[in-house]
Amino acid sequence: IGPIIITGMHRSGTSLLSEILMKQGVFMGSKLDPNSESIFFQRINKWILSCIGSSWDNPRTLKDLENEDIDVIINRLNKVLKSRFSKSLFLGKKDLLYNKSLNEMDIIWGWKDPVNTFTLFIWKQIFSNSKIININRHPLDVSASLINRESDLKSKDKESLFPEFLSSLLPVLSINKGDVLSSFNIKNINDGLILYKKYIDEMESNNKLYNVLDLKYEELIMNSNKVLKEIFDYLDMNITDDEYQNI
């Protein structure tokens, strides 16, 4: 069974969508961050973007890469995904039950990460049988929510919880920003809207290439049963009326 790949701008309802799927038994990873994102695929996505000098808050499309460069990324990822150790980071204890490649698993699985919006071009070449659900939300609501989150993260950054003995290792840390949680690129609503436009442009490009179930956050909230039926029909999942009511 191919994975369910959730895309969409940050603060657009991707976490809500992921939680709905998990409630119906979809496996979204053994280790999730507070936003219900698979830490395993989240880190891989960061690496993919780093290959083109990009990041979640300063993204670029991968569709302009030369085939030779795309092959380098895909070959590296295939090695990672075939590794029993790497695979166990996503599957956790389930790795003991599914001693096979991710593409051959007989459970319904997937992962959520807004960065999938940009890395989907790579993932579709690895998981050709994947199903894609994209969710959108009004740009001003997204930007306001993004600014609020950034304010909280900046407060945490000021607490300076980074262990002192690790400070000397800063020059050799991985692509992650140590323990810096906030974005240096998002200072106001306008910055949020600019970032939103980049994600929307990439979503529209994806919709032209792939069979994407495109959802609106507002409709999911206001007309839940209708949208939930669309989701589970698209995923070929049989959900009873009682289960709909309990979601």
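Just so it is clear, the structure is predicted and the values come from calculations on it, not from any experiment.

Student: What should I look at first to understand the confidence of the model for the chain in this one?
Tutor: Low pLDDT means the predicted coordinates in that region are not meant to be read closely. Per-residue pLDDT for the chain has a mean of 87; in total, 88% of the residues score no lower than 70. Counting interchain partners and residues more than four positions distant, the pLDDT-below-50 stretch residues 165-173 has 4 contacts.

Student: Where do I start with a negative patch on the surface in this structure?
Tutor: There is a patch of like negative charges on the surface, built from E66, E68, D69 and D71. With respect to the helices, strands and loops of the structure, E68 is situated in helix α3 (residues 67-82).

Student: Got a minute to help me understand the nonpolar core in this structure?
Tutor: Side chains of a nonpolar character, in soluble globular proteins, are inclined to be buried together. Judged by nonpolar contacts, the single largest core of 50 residues is most densely connected at W109, I122, W123 and I231. Setting aside residues no more than four positions away along its own chain, I231 makes contact with L17, L21, I133, L213 and L215. By size, the runner-up hydrophobic cluster in this structure holds 13 residues, among which are L49, F118, L195 and I200.

Student: What is the right way to read the pairing of strand β3 (residues 131-136) from this model?
Tutor: Looking along a regular strand, one sees the side chains alternate between the two faces of the sheet. The element β3 is extensively covered by neighbouring structure, given that 5 of its 6 residues are classed as buried. Of the strand pairs in this sheet, strand β1 (residues 4-7) and β3 are connected by 4 bridges, and their pairing is parallel. Each residue of the ladder has a partner; that of I6, found in β3, is I133. Bridge count for β3 against strand β4 (residues 212-216) is 5 bridges, and the pairing is parallel. Bridging from a neighbouring strand, I133 pairs with L213 of β4.

Student: What's the story with the packing of aromatic side chains in this structure? I'm lost.
Tutor: Remark: the centre distance and the inter-plane angle together describe each pair of aromatic rings, the angle taken between the planes. Under the counting rule described, the total for this entry stands at 14 aromatic pairs. Considering the side-chain rings of F41 and F90, the 5.0 Å spacing of their centres and the 80° angle between planes classify their relative orientation as edge-to-face. Placement of F41 in helix α2 (residues 39-50) and of F90 in helix α4 (residues 84-91) is noted, with a sequence separation of 49 residues between them. With relative accessibility at 0%, the residue F90 sits in the buried group. Ring centres 5.1 Å apart and planes at 75° place the aromatic pair W111 and W123 in the edge-to-face group. Linking W111 in strand β2 (residues 110-112) with W123 in helix α5 (residues 116-126), this pair joins segments that are 12 residues apart in sequence. W123 gets classed as buried once you look at its relative accessible area, which sits at 0%. Above the face of the Y217 ring, R137 is positioned so that its terminal group lies 4.6 Å from the ring centre. When the ring centre of W56 is taken as origin, the NZ or CZ atom of R149, which lies over that ring, is 5.3 Å away.

Student: Even after reading the chapter, I still don't get the side chain of S38, so can you show me in this structure?
Tutor: Note that S38 resides in the loop between α1 (14-23) and α2. Within polar-contact distance, the side chain of S38 engages the backbone nitrogen of F41 at 3.3 Å. Apart from the residues within four sequence positions on either side, S38 is in contact with M28, K31, L32, F90, W111 and K112.

Student: Explain the sheet that holds β1 to me, please; I cannot follow it from the model alone.
Tutor: As a general point, the strands of a sheet are linked pairwise by backbone hydrogen bonds and lie either parallel or antiparallel. If you walk across this open sheet you meet the 4 strands as β2-β1-β3-β4, and the pairing is parallel. Only two strands of the sheet have a single neighbouring strand rather than two, namely β2 and β4. This sheet shows a mean twist of 20° between the axes of neighbouring strands, independent of strand direction. Along the sheet, α1 makes contact with β1, β2, β3 and β4, crossing β1 at roughly 155°. Sheet strands touched by α5: β1, β2 and β3. Its angle to β1, the strand with the most contacts, is close to 150°.

Student: Looking at this structure, I do not really get the packing of α5 against helix α7 (residues 189-209). What am I missing?
Tutor: Describing two packed helices takes the angle between their axes plus the distance from one axis to the other. Two elements in contact, α5 and α7, have axes separated by 9 Å at closest approach and are oriented at 30°. When the axes of α5 and α7 are compared, the pair comes out roughly parallel. Contacts from T117, F118 and L120 in α5 reach K198, Y199, E202, M203 and N206 in α7.

Student: I keep staring at the side chain of Q42 and nothing clicks. Help me out?
Tutor: Here Q42 lies in helix α2. Excluding residues that lie within four positions of it along the chain, Q42 makes contacts with D33, E37 and D113.

Each value, and the rule that gives it
- Residues numbered from 1 in each chain as written.
- Predicted model: local features only at pLDDT ≥ 70, side-chain atom pairs only at ≥ 80, totals over all residues.
- Heavy atoms only, no water.
- pLDDT = per-residue confidence, 0-100.
- Contact = heavy atoms within 4.5 Å.
- Patch = residues over 30% accessible without salt bridge, like charges linked within 9 Å, V, L, I, M, F, W, Y side chains within 5 Å.
- Areas by Shrake-Rupley, 256 points an atom, 1.4 Å probe, with all protein chains shown as cover.
- Salt bridge = Lys/Arg side-chain N within 4 Å of Asp/Glu carboxyl O.
- Lys, Arg positive; Asp, Glu negative; His and termini not counted.
- Charge placed at Lys NZ, Arg CZ, Asp CG, Glu CD.
- Helix = DSSP H or I, 4+ residues; strand = E, 2+ residues; numbered from the N terminus.
- Core = buried A, V, L, I, M, F, W, Y, C linked by side-chain atoms within 4.5 Å.
- Buried < 20%, exposed > 50% of the residue type's maximum accessible area, 1.4 Å probe, protein only.
- Pairing = 2+ DSSP bridges.
- Phe/Tyr/Trp six-rings, centres within 6.5 Å; stacked < 30°, edge-to-face > 60°.
- Lys NZ or Arg CZ within 6 Å of the ring centre and 35° of its normal.
- Polar contact = N/O pair within 3.5 Å; in protein donor to acceptor, adjacent residues only side chain to side chain.
- Axes fitted to C-alpha atoms, helices over the stretch in contact; angles between N-to-C directions.
- Parallel < 35°, antiparallel > 145°, perpendicular 65-115°, else oblique.

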